[in-house]
Amino acid sequence: MKKRLLSAALALAMVLTMLPLSVFAAPAAGTTAAGDGTERVNYVEYNDANGNYPDAPAWYVTHVTPASTNGGVTTPAKTEYIKVTEGVSVGGYYYDTTNYNSTDFRTDANGNATNTPKGIYTLSKDSTGKGRKTGLKGTVTVIGGTIEIDAVNNSSLTVDICGGTVTIKQESTGTNASATNPTKLTSLTINNSLYAKTKTKG
């Protein structure tokens, strides 16, 4: 009996190894990245043993669907890897082309506004509670798409352009930062880390 069970288990293992790895890694139909700075994004050069990155080299967002319970049935948390071709990364977090330029604040599970900006800018609240740009959260890495970056109240700016079309501007600092002591952009550094990485490999 033990030999039969062992043989059955071995046969099942062999069948599973013959399945394409993408079966285990493909995101569920309709699953998309939130793109609001709550998910990590990385440039992945090679697919892994689990087939999580079938289109590598490419940018992938790590999307986590939390565990949920419905009708007494609990669905465990699920991690998926979603390829993205547009948007930006700041501090390793992903912002899509809809959210990156937002001056709104994130909302909590109950729909109440928090103090965490939804886009790539640091914000202050005016007398009405509306967000007002005061700066950038950090160095911006452009993944792709048509991107417009506001330097706001920064005297220097570094942008890593890996794809897409980028326009850099500095809106009136009188409305977005300090009206009495505005800071003008005087230093701009443009990098392309993907090109540098490719060049290093020869």
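Everything below is about the structure shown above.
Just so it is clear, the model here is predicted, and its values are computed rather than measured. Note on numbering: residues in each chain are counted from 1, in written sequence order. Local features in this predicted model are restricted to residues of pLDDT 70 or higher, and side-chain atom pairs are both shown and tallied only at a pLDDT of 80 or more, whereas totals for entire chains, interfaces and linings draw on every residue. By convention in this description, side-chain values take in all heavy atoms of the structure and omit both hydrogens and water.

1. Section: the overall build of the protein
Thought 1: The helix and strand tally for the protein stands at 4 helices and 16 strands.
Thought 2: In the protein, which comprises 202 residues, the share counted as buried stands at 30%.
Thought 3: Considering only contacts within the protein whose residues lie at least 6 apart along the sequence, 46% involve residues at least 24 apart.
Thought 4: A total of about 12300 Å² of accessible surface is found on the protein, and carbon and sulfur atoms cover 53% of it. The helix count covers DSSP runs of H or I at least four residues long, the strand count covers runs of E at least two residues long, and both are numbered beginning at the N terminus. Buried residues are those whose accessible area, probed at 1.4 Å on protein chains only, stays under 20% of the maximum for their type, while exposed residues exceed 50% and partly exposed ones sit between those limits. Contacts: residue pairs with any heavy atoms within 4.5 Å of one another. Areas reported here follow the Shrake-Rupley algorithm with a probe of radius 1.4 Å; residue values treat only the protein chains shown as occluding.

2. Regarding the packing of aromatic side chains
Thought 1: Note on aromatic contacts: the rings of Phe and Tyr and the six-membered ring of Trp form a pair at centre separations within 6.5 Å, being stacked when their planes are under 30 degrees apart, edge-to-face when over 60 apart, and tilted otherwise. Overall, the coordinates contain 3 aromatic pairs when judged by the stated rule.
Thought 2: Consider the rings of Tyr53 and Tyr60, whose centres lie 5.1 Å apart with planes at 75°: the pair is edge-to-face. Judged on exposure class, the residue Tyr53 and its partner Tyr60 are both buried.
Thought 3: Taking 5.2 Å as the distance between ring centres and 65° as the angle between the ring planes, the aromatic pair formed by Tyr53 and Tyr81 counts as edge-to-face. Here Tyr81 lies in strand β5 (residues 78-84) and Tyr53 lies in the loop between β1 (36-44) and β2 (58-65), a separation of 28 residues in the sequence.
Thought 4: By the criterion adopted, a ring carries a charge over it if an Arg CZ or a Lys NZ lies within 6 Å of its centre and within 35 degrees of its normal. Just above the ring of Tyr93 sits the side chain of Arg40; from NZ or CZ to the centre is 4.0 Å.
Thought 5: Across from the ring centre of Tyr121, 4.5 Å away, lies the NZ or CZ of Lys133, which sits over that ring.

3. Regarding the pattern of salt bridges
Thought 1: Take a side-chain nitrogen of Lys or Arg and a carboxyl oxygen of Asp or Glu: if they are within 4 Å of each other, that pair is a salt bridge. A full pass over the atoms with the stated rule returns 3 salt bridges.
Thought 2: The salt bridge partner of Lys133 is Asp150, with a shortest N-O separation of 3.4 Å. Placement of the pair is Lys133 in strand β11 (residues 131-136) and Asp150 in strand β13 (residues 146-150), with a sequence separation of 17 residues.
Thought 3: Residue Asp150 is classed as buried on the basis of its relative accessible area of 0%.
Thought 4: For Lys169, the salt bridge goes to Glu148, with nearest N and O atoms at 2.8 Å. Placement of the pair is Lys169 in strand β15 (residues 165-169) and Glu148 in strand β13, with a sequence separation of 21 residues.
Thought 5: By relative accessible area, which is 27% here, Lys169 ends up partly exposed.
Thought 6: What makes Glu148 partly exposed here is its relative accessible area of 31%.

4. What to know about the side chain of Lys133
Thought 1: Residue classification places Lys133 among the buried positions, given a relative accessible area of 6%.
Thought 2: Any pair of N or O atoms that falls within 3.5 Å is considered a polar contact. Within protein, one atom must be able to donate a hydrogen and the other to accept it, and sequence-neighbouring residues count only if both atoms are side-chain atoms. At 3.4 Å, the side chain of Lys133 forms a polar contact with the side chain of Asp150.

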